[in-house]
Each structure stands twice: as structure tokens, then as C-alpha cells.
Amino acid sequence: MSDSPLVSSYLCRDCGSELGFRSRRRNFAERYLLPLLLLKPVRCGECFRRDYRLIFTPVRERMPDLEKITSGRQTDTSRRNVA
Ligand SMILES: [Zn+2]
């Protein structure tokens, strides 16, 4: 579908999952510097790793529950299998 080098689908560096979700911008750098670099915060839907991707990278809308869980404590939910 997409042959542009700018548009590559999300792929988690940790677990290799292609399930990425938009993540909230948490601080000054993420809010104002990332856009300048054409980056945005993305969270892996499988292992919850937080990473930056090009803003062109297609990801799902954020999952509010997930953000709430992972922003506080990192518990066993991080290994839940999302089939
Ligand atoms: Zn992952």
C-alpha cells in the first residue's frame, strides 16, 4: 500500500509487535521538540514499551486504560497476551 520510506508501519523494538498506540506527550520536549523532529510518542500494545516514531507512522488511537495503568506502576499486566 505505502511505498514511501516515510510511512513505515510501527514495529516494536522489544517484542516486534506491530500494535502501536498513540501516547500522551508528557513534557516540554515531547510537546514542542518532537514535532519539530517529526516524531511522536508511541506505546507498544504488547509490551508497553514507549518509543518515538515519525508522525507519519500509522498507529491506533490511544487506549486510556492502558495509559493509566502504565504511567503509574509497571505490573504483571505488561505481559498480558493481547490476542
Ligand atoms: Zn513491544
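Since the structure is predicted, the reported quantities are computational estimates derived from the model, not experimental observations.

> Explanation requested: the coordination of the zinc ion in the structure shown.
Metal coordination angles have textbook ideals: 109.5 degrees for a tetrahedral set of four donors and 90 or 180 degrees for an octahedral set of six. Bound to the zinc ion are the protein donor atoms Cys 12 (SG), Cys 15 (SG), Cys 44 (SG) and Cys 47 (SG), situated 2.3 Å from the metal. Seen from the zinc ion, its 4 donor atoms lie at angles of 104 to 115°, and the figure they make is tetrahedral. In terms of primary sequence, the donors binding the zinc ion are separated according to C-x2-C-x28-C-x2-C.

> Just to check I follow, could you spell out the packing of aromatic side chains for this structure?
Aromatic rings in a pair are described by how distant their centres are and how their planes are angled relative to each other. The full count for this structure, using the stated rule, is 1 aromatic pair. With 5.0 Å between their ring centres and 40° between their planes, Phe 28 and Tyr 32 make a pair best called tilted. With a gap of 4 residues between them, Phe 28 and Tyr 32 both fall in helix 1 (residues 28-33), about one helical turn apart. Under the relative-accessibility criterion, Tyr 32 is labelled partly exposed at 48%.

> Honestly, the sheet that holds strand 1 (residues 20-22) in this entry has me stumped. Any pointers?
Consider a sheet: its strands pair through backbone hydrogen bonds, and that pairing is either parallel or antiparallel. Spatial strand order, 1-2-3: 3 strands in an open sheet with antiparallel pairing. Strand pairing shows two members of the sheet lacking a second neighbour, strand 1 and strand 3 (50-54), which therefore form its edges. The average undirected angle you get between the axes of adjacent strands in this sheet is 50°. Bridge analysis of strand 2 (residues 39-44) against strand 3 gives 5 bridges, and the strand direction is antiparallel. Its bridge partner lying in strand 3, Arg 43 is registered against Arg 50.

> How should I be thinking about the environment of Tyr 52 in this particular structure?
Along the polypeptide, Tyr 52 turns up in strand 3. The spatial distance from the C-alpha of Tyr 52 to the C-alpha of Arg 22 is 9.8 Å, given a sequence separation of 30 residues. Excluding residues that lie within four positions of it along the chain, Tyr 52 makes contacts with Glu 30, Leu 34, Leu 39, Lys 40 and Pro 41. Within the structure, the side chain of Tyr 52 is placed 2.7 Å from the side chain of Glu 30, a separation counted as a polar contact.

> Would you explain the environment of Arg 62 in this entry?
Counting through the fold element by element, Arg 62 comes out in the loop between strand 3 and helix 2 (64-72). Residue class for Arg 62 comes out partly exposed when judged on its relative accessible area of 32%. Expressed as a C-alpha distance, the spacing of Arg 62 and Arg 22, which sit 40 residues apart in the sequence, is 4.6 Å.

What counts, and at which threshold
Numbering of residues begins from 1 in every chain and follows the order in which that chain's sequence is written. The predicted nature of this model means local features are confined to residues of pLDDT at least 70 and side-chain atom pairs, given and counted, to a pLDDT of 80 or more, with totals for whole chains, interfaces and linings taken over all residues. Where side-chain values are given, they derive from all heavy atoms of the structure, hydrogens and water being excluded. Keep in mind that water is not among the atoms, so a site may look incomplete; donors are the N, O and S atoms within 2.8 Å of the metal, or 3.2 Å for Na, K and Ca. Only four donors with every angle between 85 and 135 degrees are called tetrahedral; only four or six donors with opposite donors over 155 degrees apart and all others between 65 and 115 are called square planar or octahedral, in that order; all others are irregular. Two rings belonging to Phe, Tyr or Trp (six-membered ring only in the last case) form a pair when the distance between their centres is within 6.5 Å. Interplanar angles under 30 degrees mark stacking, angles over 60 mark edge-to-face geometry, and anything in between is tilted. Secondary structure elements are taken from DSSP: a helix is a run of H or I of four residues or more, a strand is a run of E of two residues or more, and numbering for both begins at the N terminus. Exposure classes here rest on a 1.4 Å probe applied to the protein chains alone. A residue is buried below 20% of its type maximum, exposed above 50%, and partly exposed in between. Here the rule is simple: two strands pair whenever DSSP picks up at least two bridges between them. Between N-to-C directions, angles cover 0 to 180 degrees, with each direction set by a line fitted to C-alpha atoms, over the stretch in contact for helices. Any pair of residues with heavy atoms lying within 4.5 Å of one another is described as a contacting pair. Two N or O atoms form a polar contact when they lie within 3.5 Å of each other; inside protein one atom must be a possible hydrogen donor and the other a possible acceptor, and for residues adjacent in sequence the pair counts only when both atoms belong to side chains.

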